[in-house]
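# Notes for the structure review
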Amino acid sequence: AFGVIADIQFADAEDGHDFGGCRRRYYRHSLRLLREAVRAWAGESPPIDFVLQLGDSIDGQNVRRGEAESALQQVLAVLGELSVPVHHAWGNHELYNFSRARLVRSGLCSRPAGGSDGPADSECHAYHFSPAPRLRLVVLDTYDLSTLGADPGSPRYQESLRVLREKNPNEDLNSPAGLKEPYFVAFNGGFSQAQLDWFNEVLKFSDENEEKVIVMGHVPIHPCASNGVCLAWNFEAALSVIHSHGCVVCVLAGHLHDGAYCRDSHGVHHLTLEGLVETPPESNAFGTVHVYEDKIVLKGRGRIPDRVMHF
């Protein structure tokens, strides 16, 4: 069993709105809702084994307010009250606040030291672990290919900008207006070929050892678990890797605050969790996942519905 939560986006700031100006965001209350989630997870029976934090733990406005470090420490302090590990995905808001190089040295770097469980690139926040026999969790870095948090002089930045400008001619690279492929915006990202090759090898190992695999990352990788905009740049490449193996049963993501779900043509469940930051103070948005031999059962709280996913 494990806890799941997405898009906390904490800031010690008054309520605001999304970029469209129509969705209310409860920046300060998100920390209180996170505390409620931690208390609930601590009381679970059977106890949970870990928590997946699906990215965007703090809001991008913290960097403008000079409060990035303070906000992050407050979120990590609440999560630190748990007696189990927390595995973090990196989202766009982490990369608005910190450089990738800084995140590697932060409490959001849950990739094991030494690098044997992840790609050769130590700044790629992808890794895998086995919490139980015949079960493996894979954390993907959906901003491995991204202009966010990267040094403008680096090959990572230059290649990401080339890909983005090739697909998005808009002056505002965060605008999907008029795009044939509206997910080619700067607030999304993608996967390097090196990460995809590594991912393929992990799934090959799981196939050979008859494991079930749950994948997590910040940005959805299936169009039907998205709104068509909040989607990884090269989602098809990631899906191709997954579909060339039989071991993946579920992909967990955040980023799209409305949440979404689909079961794809290969029987893989894609679950995008509702975002905590847009959850009214009287509600909540987190869940506990129970993994069985033949199914995954999500016990949702507040905005997140219960769900049974068979495989």
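Residues numbered from 1 in each chain as written. Predicted model: local features only at pLDDT ≥ 70, side-chain atom pairs only at ≥ 80, totals over all residues. Heavy atoms only, no water.

### Thoughts on the packing of helix H1 (residues 29–42) against helix H3 (residues 68–79)
What counts is decided by this rule: Lines fitted to C-alpha atoms define the axes, with helix axes restricted to the stretch in contact, and inter-axis angles between N-to-C directions lie between 0 and 180 degrees. Helix and strand labels come from DSSP, where a helix needs a run of H or I of at least four residues and a strand needs a run of E of at least two; each type is numbered from the N terminus. For classification purposes, angles smaller than 35 degrees are called roughly parallel, those larger than 145 roughly antiparallel, those between 65 and 115 roughly perpendicular, and all remaining angles oblique. Here is the rule for handedness: rotate from the far helix to the near one, and if that takes an anticlockwise turn smaller than a right angle the crossing is left-handed, while a clockwise turn gives right-handed. Contacts between residues were defined by any pair of non-hydrogen atoms, one from each residue, lying within 4.5 Å. Put simply, Ala, Val, Leu, Ile, Met, Phe, Trp, Tyr, Cys and Pro go in the nonpolar bin, Asp, Glu, Lys and Arg in the charged bin, and everything else, Gly too, in the polar bin.
It is the contact of H1 with H3, at a shortest axis distance of 9 Å, that shows an interaxial angle of 20°. With respect to H3, the element H1 is oriented roughly parallel. Both H1 and H3 take part in a crossing whose hand is right-handed. Every residue of H3 that contacts H1 at Leu-31, Leu-34, Arg-35 and Val-38 is listed here: Gln-74, Val-75, Val-78 and Leu-79. Residues that form the contact of H1 with H3 fall into these classes: six nonpolar, one polar and one charged.

### Things to note about the pattern of salt bridges
It is possible for side chains bearing opposite charge to pair when their charged atoms get close. Applicable threshold: A side-chain nitrogen of Lys or Arg and a carboxyl oxygen of Asp or Glu constitute a salt bridge if their distance falls within 4 Å. Think of it in three bands: residues with accessible area under 20% of the maximum for their type are buried, residues over 50% are exposed, and the middle band is partly exposed, with areas taken using a 1.4 Å probe on protein chains only.
Throughout the structure, instances matching the rule amount to 19 salt bridges. With a closest N to O distance of 3.2 Å, Arg-134 and Glu-293 form a salt bridge. Highlighted residues: Arg-134 in the loop between strand S6 (127–132) and strand S7 (135–139) and Glu-293 in the loop between strand S12 (285–291) and strand S13 (295–302), separated in sequence by 159 residues. Take Arg-134: its relative accessible area is 45%, and that puts it in the partly exposed class. The exposure class assigned to Glu-293 is exposed, which follows from its relative accessible area of 61%.

### Quick word on H3
Rule in force here: Take the residue count of a helix, subtract one, and multiply by 1.5 Å to get its expected span. As used here, the arc belongs to the directions running from the helix axis to the C-beta atoms.
For H3, built from twelve residues, the straight-helix expectation of 16 Å at 1.5 Å per residue is met to within 8% by its first-to-last C-alpha distance of 17 Å. Along H3, the residues that are buried comprise Ala-68, Ala-71, Leu-72, Val-75, Leu-76, Val-78 and Leu-79. Each buried residue of H3 sits inside an arc of 160° when the element is viewed along its axis, so together they form one side. Residues of H3 that are buried in the fold lie against H1, helix H2 (61–65), strand S5 (86–88) and helix H4 (92–97).

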